[in-house]
Amino acid sequence: VLTNMTRFFGALLVLGSAVLSAAEVFSPLRLGEVKPEGWWRAQLQRDLVAGFQGHLDALMRDPKTGKLILNPDNNDYVTRANSADSRHDNKGLSIPPGTHSWWDAEMIGDWHDSLIRAAFLLNEPNTRQKVDRYVQAILKSQDGDGYIGIYPKGFRFHFSGPDGELWTQRCVLLGLLAYHEFTGRQDVLDAVERSVKLAIRQYGPGRNYFENPGQIGSGVAHGLMYLDVLEWLYRLKGDEEYRRAALSLYENYS
């Protein structure tokens, strides 16, 4: 029995090596190529029309200010209001006002990403209008250098304490990439690429995002998940710059 098991696992290793050395045969489907039907579609429809998913923007309030944080007037990516009190330390590095600024931005990005996917999978008109307005607001807020994020000018990328720069960018950019795949809108993809190329320039060779001594705990790993954006762009564009940036980010984290 042991001899047969040894042969079996040896064969698996040989097969695995052959698979790894072969060119990729399969590629991921684009969003929308698989549609929900039956009970799954009915559940998603209820969530959008009568459930919290379609109405979270009218329910979720900041516990301190009472503001509806998903409302466009309080949208960190558009107003950067929650980070208006950013300051500099004696070395000129940025100190965000607190983690609440990127907690709210995380929720804004993640909820809209979910809403975008549901709106297009179900073709629900009211939700489509809502996500169209959201995407337009984000595009309008993009700075001349390509920045899409939550921090004001002069307080970006290089911090002396915990920050949500890469993590919150990841949350908003994934929604924009989903919107691009559903609509084919080139201007949305262009906006994402401009934002990502800016981040790549900021954290190029010799400028490790994770070297900030204030980046402790799970905040560090959050920033690593910017890899999601780099991987998606590489899959869409085949641009080696995104692959190299992804590898560099992972190596710096390690």
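Bear in mind that the values here come from a model prediction, so they are computed numbers and not experimental data.

> Which residues make up the overall build of the chain, and what values do they have?
Looking only at helices and strands, the chain features 10 helices and 2 strands. Overall, the chain shows an N-to-C arrangement of helices and strands of α-α-α-β-β-α-α-α-α-α-α-α. Looking at the 254 residues of the chain, the share that counts as buried comes to 44%. A fraction of 71% describes how many contacts in the chain between residues 6 or more apart in sequence connect residues 24 or more apart.

> Which residues make up the packing of helix α4 (residues 100-122) against helix α5 (residues 125-141), and what are the values?
Running from N to C, α4 and α5 point in directions that differ by 135 degrees, and their axes come no closer than 9 Å. Regarding the angle of α4 to α5, the classification is oblique. Crossing of α4 against α5: the hand is left-handed. Facing α4, whose interface residues are Ile108, Gly109, Trp111, His112, Leu115, Ile116, Ala119 and Phe120, α5 presents Thr127, Arg128, Lys130, Val131, Tyr134 and Val135. Across the contact of α4 with α5, the residue classes tally to 9 nonpolar, 3 polar and 2 charged.

> Tell me about the side chain of Arg170, and please be specific about residues and values.
Position of Arg170 among the secondary structure elements: in helix α6 (residues 165-183). Judged by its relative accessible area of 15%, Arg170 falls in the buried class. Within the local environment of Arg170, its side chain forms a polar contact with the side chain of Asp228, the two groups lying 2.9 Å apart. For Arg170, the contacting residues outside a window of four places in its chain are Asp110, Met225, Tyr226, Asp228 and Val229.

> So what's going on with the packing of aromatic side chains? Which residues, and what values?
To describe a pair of aromatic rings, you give the distance between the ring centres and the angle between the ring planes. Counted under the stated rule, the structure contains 8 aromatic pairs. Taking 5.0 Å as the distance between ring centres and 5 degrees as the angle between the ring planes, the aromatic pair formed by Phe120 and Phe182 counts as stacked. Taken together, the residues Phe120 in helix α4 and Phe182 in helix α6 connect sequence positions 62 residues apart. Here the two residues Phe120 and Phe182 agree in accessibility, since each one is buried. Each residue in the set Tyr147, Phe157, Tyr203, Tyr209, Phe210 and Tyr253 is aromatic and connected to the rest through ring pairs, giving one cluster. In this structure, Arg156 is placed above the aromatic ring of Tyr147, and the distance from its NZ or CZ to the ring centre is 3.7 Å.

> Account for the confidence of the model for the chain, naming residues and giving values.
Regions with low pLDDT carry predicted coordinates that are not meant to be interpreted in detail. Per-residue confidence for the chain averages 86 on the pLDDT scale, and 87% of its residues sit at or above 70. Within the chain, helix α1 (residues 2-21) has the poorest average pLDDT of any element, 52, and helix α7 (residues 186-202) the best, 96.

> Describe the pattern of salt bridges, naming the residues involved and giving the relevant values.
Inspection of every chain in the model, using the stated rule, returns 13 salt bridges. In this structure, Lys130 engages Asp57 in a salt bridge whose closest nitrogen and oxygen atoms are separated by 3.3 Å. Residue Lys130 is located in helix α5, and its partner Asp57 is located in the loop between α2 (38-49) and α3 (76-79); the two are separated by 73 residues in the primary sequence. Here the two residues Lys130 and Asp57 agree in accessibility, since each one is buried. With a shortest N-O distance of 3.4 Å, Glu193 and Lys237 are connected by a salt bridge. A residue pair is termed long-range when its members are at least 10 positions apart, and Glu193 in helix α7 and Lys237 in helix α9 (residues 227-237) qualify at 44 residues. Accessibility expressed as a relative area gives 10% for Glu193, which makes it buried. By relative accessible area, Lys237 is classed as partly exposed at 41%. Within the structure, one salt-bridge network assembled from shared partners comprises Arg80, Asp143 and Arg156.

What counts, and where the lines are drawn
- Residues numbered from 1 in each chain as written.
- Predicted model: local features only at pLDDT ≥ 70, side-chain atom pairs only at ≥ 80, totals over all residues.
- Heavy atoms only, no water.
- Helix = DSSP H or I, 4+ residues; strand = E, 2+ residues; numbered from the N terminus.
- Buried < 20%, exposed > 50% of the residue type's maximum accessible area, 1.4 Å probe, protein only.
- Contact = heavy atoms within 4.5 Å.
- Axes fitted to C-alpha atoms, helices over the stretch in contact; angles between N-to-C directions.
- Parallel < 35°, antiparallel > 145°, perpendicular 65-115°, else oblique.
- Left-handed = near helix turned anticlockwise from the far one by under 90°.
- Nonpolar A, V, L, I, M, F, W, Y, C, P; charged D, E, K, R; others polar.
- Polar contact = N/O pair within 3.5 Å; in protein donor to acceptor, adjacent residues only side chain to side chain.
- Phe/Tyr/Trp six-rings, centres within 6.5 Å; stacked < 30°, edge-to-face > 60°.
- Lys NZ or Arg CZ within 6 Å of the ring centre and 35° of its normal.
- pLDDT = per-residue confidence, 0-100.
- Salt bridge = Lys/Arg side-chain N within 4 Å of Asp/Glu carboxyl O.

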